[in-house]
Number of protein chains: 2
Amino acid sequence: MSRSDEHEQEFLAAYDPRAFPPFAVTVDVVLLTVREGRLCVLLVERDTHPFRGGLALPGGFVQADEDLDTAAVERLENETGVRRDVAHVEQLGAFGDPHRDPRMRVVSVAYLVFAPDLPAPRPGSRVRSVQWVPVEDVDAARLAFDHDAVLAAGVERARAKLEYSPVATAFCGEEFTVAELRHVYEAVWGVPLDPRNFHRKTTGTPGFLVPVGSPAPVGPGGGRPAALYRRGSAALLHPAMLRPQRED
Amino acid sequence: MSRSDEHEQEFLAAYDPRAFPPFAVTVDVVLLTVREGRLCVLLVERDTHPFRGGLALPGGFVQADEDLDTAAVERLENETGVRRDVAHVEQLGAFGDPHRDPRMRVVSVAYLVFAPDLPAPRPGSRVRSVQWVPVEDVDAARLAFDHDAVLAAGVERARAKLEYSPVATAFCGEEFTVAELRHVYEAVWGVPLDPRNFHRKTTGTPGFLVPVGSPAPVGPGGGRPAALYRRGSAALLHPAMLRPQRED
DNA sequence: CGAATAGTGTCTCTCAGACAATATTGC
DNA sequence: GCAATATTGTCTGAGAGACACTATTCG
């Protein structure tokens, strides 16, 4: 069938089943967190064909009557134990290479999730393990399907998003210190930031941080107690938090 | 079937067809251009069920062996006559509300395309008309499916993308003047910009513009001939072209 | 020359980055 | 007091926005 007939296909489709090539649709979740100063992603070790023994992003098939966003949040809550209200969830994009799944034609809609540090959930059925892996340590060649590309897109989106939106706070708990927020930026961007300039910028950007009042407990090494903050109401940061320029 | 069984579904899927709810997958193209100083989108008037008489984005079903990006470019070239090499094409996202198409379950992968001003293509078969419509004049309620949301996402993405990437040049021809580029920014953002500051910023941003040498022909109103530029090699703009802040 | 458009220079204000100095804690 | 962390202040340079001014064309 020629490509230029596709409009015709559409209009005949209600009568001609061949006009609707059958697809399966899945959601895959790039769940990122910061643990011990490193940006980590949640991966599951597969125990069945295909890619048995390989690592994969959590995910699964979208049900016939299920919205895409709903499907992603369901996978998140049921497979990883992360509640939707503590995490930031956004769609990352669709991945649909015809041969990304050896079994059949599958289009995967990837979601990007930022969550505070959480205990690793226990493995679901037919999965060997569930683990947090620092993104720098992920062996892209061992990832199932095209999940290396999905992960790379998620990390790149995360790095860009920290610049102009306040989503970095989604990696922290409800209340957090400026230093904790700085550790998030340092882990995601992979660069050290000046604590003093960072403090001035974050507390000076309108709507980014709201002081809570009470101070945080003092850390193990002593030092002045830090003030606690909650996320403010701004959806966009003005001025933005700019990444240090690479000097090539 | 319970949601927590979805991993099980995946692994049984090769043997149990019920685990793969059937979907149709389409691509829809948000093709934007600037005509007469206004940001315009290409819409087709439908001549068949569903949404007969309604306006829709060009698009169609993805074939069984067809990559998503390829499908989008095919629709672009065959339905709108825009060649891939003169346009900027990027994926916008997946839209998959269970009831977005009354016929069956369809997930649409939307693509965003920026192209120079072109003659409106002639209608394809079974389409009443193909027309450029200024986005400000689009009656969202008349759009078929969820194309109002797709269009809104595309316009918002376009506005943001002009800030930090050189894609605005995709709205111009191969060679263009600074004033033409400024008209693109003004049309997409919907705000007037200072010609003098705009000139200094664009020509001063490394990798954005490359001078061609020869000047452009003088316009109808006379005036000094403008220099011609081509797009430079930068993928990202440093410093960015910032939108004027809204003062609410 | 005057109108129109292109392009440069200058000033001010904001803000990023470097880093000194001060504040508050535990030991 | 000393070490450690938090927070504020100060200086410098880049860059954004306002706008005067110069350059080049047509009629």
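Above this text sits the structure in question.
Now for a description of the structure that goes with this document.

Conventions and cut-offs
- Residues numbered from 1 in each chain as written.
- Chains lettered and ligands numbered in written order.
- Predicted model: local features only at pLDDT ≥ 70, side-chain atom pairs only at ≥ 80, totals over all residues.
- Heavy atoms only, no water.
- Near = heavy atom within 4 Å.
- Polar contact = N/O pair within 3.5 Å; in protein donor to acceptor, adjacent residues only side chain to side chain.
- Helix = DSSP H or I, 4+ residues; strand = E, 2+ residues; numbered from the N terminus.
- Buried < 20%, exposed > 50% of the residue type's maximum accessible area, 1.4 Å probe, protein only.
- Contact = heavy atoms within 4.5 Å.
- Phe/Tyr/Trp six-rings, centres within 6.5 Å; stacked < 30°, edge-to-face > 60°.

**Some points on the protein's contact with DNA strand D**
In the region of DNA strand D, 23 residues are neighbours, and A:Arg224, A:Ala227, B:Arg196, B:Asn197 and B:Arg224 sit closest. Counting only atoms of DNA strand D within 4 Å of the protein, the fraction found in sugar and phosphate groups is 58%. Contact distances for DNA strand D include 3.4 Å between a phosphate oxygen and a side-chain N or O atom of B:Lys201. B:Arg224 has a polar backbone atom sitting 3.2 Å from a base oxygen of DNA strand D. Of all the secondary structure elements, the ones that give two or more residues to the surface near DNA strand D are helix H5 (195-204) of chain A together with helix H5 (195-204) of chain B. No other element matches H5(B), which puts four residues into the surface near DNA strand D.

**A few points about the side chain of B:Arg100**
All names here are of chain B. Within the fold, Arg100 resides in the loop between strand E5 (88-95) and strand E6 (106-114). You can call Arg100 buried: its relative accessible area is 6%. Within the structure, the side chain of Arg100 is placed 2.9 Å from the side chain of Asp146, a separation counted as a polar contact. For Arg100, the contacting residues outside a window of four places in its chain are Thr26, Asp28, Phe95, Val106, Ser108, Phe145, Asp146 and His147.

**Some details on the packing of aromatic side chains**
Under the counting rule described, the total for this entry stands at 10 aromatic pairs over all chains. Ring centres 5.5 Å apart and planes at 65 degrees place the aromatic pair B:Tyr185 and B:Phe198 in the edge-to-face group. Here the residue B:Tyr185 occupies a position in helix H4 (residues 178-189), and B:Phe198 occupies one in helix H5, the gap between them amounting to 13 residues. By relative accessible area, B:Phe198 is classed as buried at 4%. Joined through ring pairs, the aromatic side chains of A:Tyr185, A:Trp189 and A:Phe198 make up one cluster.

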